[in-house]
Amino acid sequence: MRAVAALLAFASSALAYSVLSPNGAQGWTNQGAQLLTWQRVDTDRQNFTALLINQNITDFKPQVLQALVNGTDGSARLNPPSGGWPVGPHFRVNLVQDPNNLDTILAQSPEFTISVSTASVSSTGSNTLANTGATIPNTASGTVPTTPPDGSSASDPITVPTSAALPSYNVQVVLLAFLSLMGFVLA
């Protein structure tokens, strides 16, 4: 009887969602949307919610990356959470039932690392962001380093990026200063 129960448990696990990437050999970067791929069978749920977790980091709260992912697609590009992609090792993506049932796990990825992306600069006058295909105007030459400026490494605790955008009042102050200077020069 125990053998039959074990066989049924094994068979049911073979007929469920399975995360293909990210995985231990293929992680994500902290730039742009990241690719999630999976396999499913016809008896699996039609939709799931993608949840980013890291149980090795104290106080890391699971983050819903996308609710109601169409399971029949086989892949989805997931946008970063509101604070940007965290960086570090030991992340997993859980495919869960829905945003209200985050503990009902349908599948779980192997552990993977979210690493700092590099932006390479070409001599033709544009920068290409790795893994995004986006091109931005060339403002400098060289390569953005993969080591964070504080000297930490990928094995250091997680860091969550903050917005690099300037507050709008800084632009207004600069504009006001420029107009004042122009008024002084023209007077």
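Residues numbered from 1 in each chain as written. Predicted model: local features only at pLDDT ≥ 70, side-chain atom pairs only at ≥ 80, totals over all residues. Heavy atoms only, no water.

As annotated in an unreviewed UniProt entry, the protein is Yeast cell wall synthesis Kre9/Knh1-like N-terminal domain-containing protein from Psilocybe cubensis.

On to the pattern of salt bridges, then. Using the criterion set out here, one finds one salt bridge in the structure. A salt bridge links Glu 111 to Arg 92; the nearest nitrogen and oxygen atoms lie 4.0 Å apart. In this pair, Glu 111 is assigned in the loop between β8 (101-108) and β9 (112-115) and Arg 92 in strand β7 (residues 88-98), connecting sequence segments 19 residues apart. According to the relative accessible area criterion, Arg 92 is partly exposed, its value standing at 23%. (Salt bridge = Lys/Arg side-chain N within 4 Å of Asp/Glu carboxyl O. Helix = DSSP H or I, 4+ residues; strand = E, 2+ residues; numbered from the N terminus. Buried < 20%, exposed > 50% of the residue type's maximum accessible area, 1.4 Å probe, protein only.)

Note on soluble globular proteins: their nonpolar side chains tend to be buried together. Ranked by internal contacts, the top residues of the largest apolar core, which has 20 residues, are Trp 28, Leu 36, Trp 38, Leu 52, Val 93 and Leu 95. Among the elements of the structure, β3 (34-39), β4 (47-53), β5 (63-70), β6 (75-78), β7 and β9 are those that each provide at least two residues to this core. Look past the residues within four positions of Leu 36 in its chain and what remains in contact with it is Val 19, Ser 21, Pro 22, Trp 28, Phe 48, Ala 50, Gly 74, Ser 75, Ala 76, Leu 78, Val 93 and Leu 95. (Core = buried A, V, L, I, M, F, W, Y, C linked by side-chain atoms within 4.5 Å. Contact = heavy atoms within 4.5 Å.)

Here the focus is the pairing of β8. Pairing analysis gives four bridges linking β7 to β8, with the strands arranged antiparallel. In the strand pairing of β8, Leu 95 is matched with Ala 107. (Pairing = 2+ DSSP bridges.)

Along the polypeptide, Asn 94 turns up in strand β7. Classification of Asn 94 by relative accessible area gives buried; the value is 4%. Polar contacts involving the side chain of Asn 94 include one to the side chain of Gln 108, which spans 2.9 Å. If we ignore the near neighbours within four places in the chain, the residues touching Asn 94 are Thr 49, Ala 50, Leu 51, Ile 53, Ile 105, Ala 107 and Gln 108. (Polar contact = N/O pair within 3.5 Å; in protein donor to acceptor, adjacent residues only side chain to side chain.)

Moving on: unusual backbone geometry. A cis amide bond, omega 10 degrees, links Ser 21 with the succeeding residue Pro 22. Mapping Pro 22 onto the fold places it in the loop between β1 (18-21) and β2 (28-29). For Leu 68, which is not glycine, the phi torsion reads 55 degrees and is therefore positive. Mapped onto the secondary structure, Leu 68 falls in strand β5. One non-glycine residue, His 90, adopts positive backbone phi at about 70 degrees.

On to the sheet that holds β3. Two strands in a sheet stick together by hydrogen bonds in their backbones, pointing the same way (parallel) or opposite ways (antiparallel). Taking strand neighbours across the sheet as the criterion, the three strands line up as β1-β3-β6 in an open arrangement whose pairing is antiparallel. Edge positions in the sheet fall to β1 and β6, since each of these pairs with one other strand and no more. Across this sheet, the average inter-strand angle for adjacent strands is 30 degrees, counted without regard to direction. Here β1 pairs with β3 via three bridges, running antiparallel. Residue pairing for β3: Ser 18 is matched across the bridge by Gln 39. (Axes fitted to C-alpha atoms, helices over the stretch in contact; angles between N-to-C directions.)

This part is about the environment of Val 69. Summarising the element assignment, Val 69 is placed in strand β5. As a C-alpha pair, Val 69 and Asn 47 span 22 residues in sequence and 5.3 Å in three-dimensional space.

Within the protein, residue pLDDT values average 74, and 55% of them lie at 70 or more. Low pLDDT (under 50) marks residues 4-13, which in the prediction has zero contacts with non-local residues, meaning those over four places away or in another chain. In the model, residues 121-150 has pLDDT below 50 throughout and makes 43 contacts with residues more than four positions away in sequence or in other chains. (pLDDT = per-residue confidence, 0-100.)

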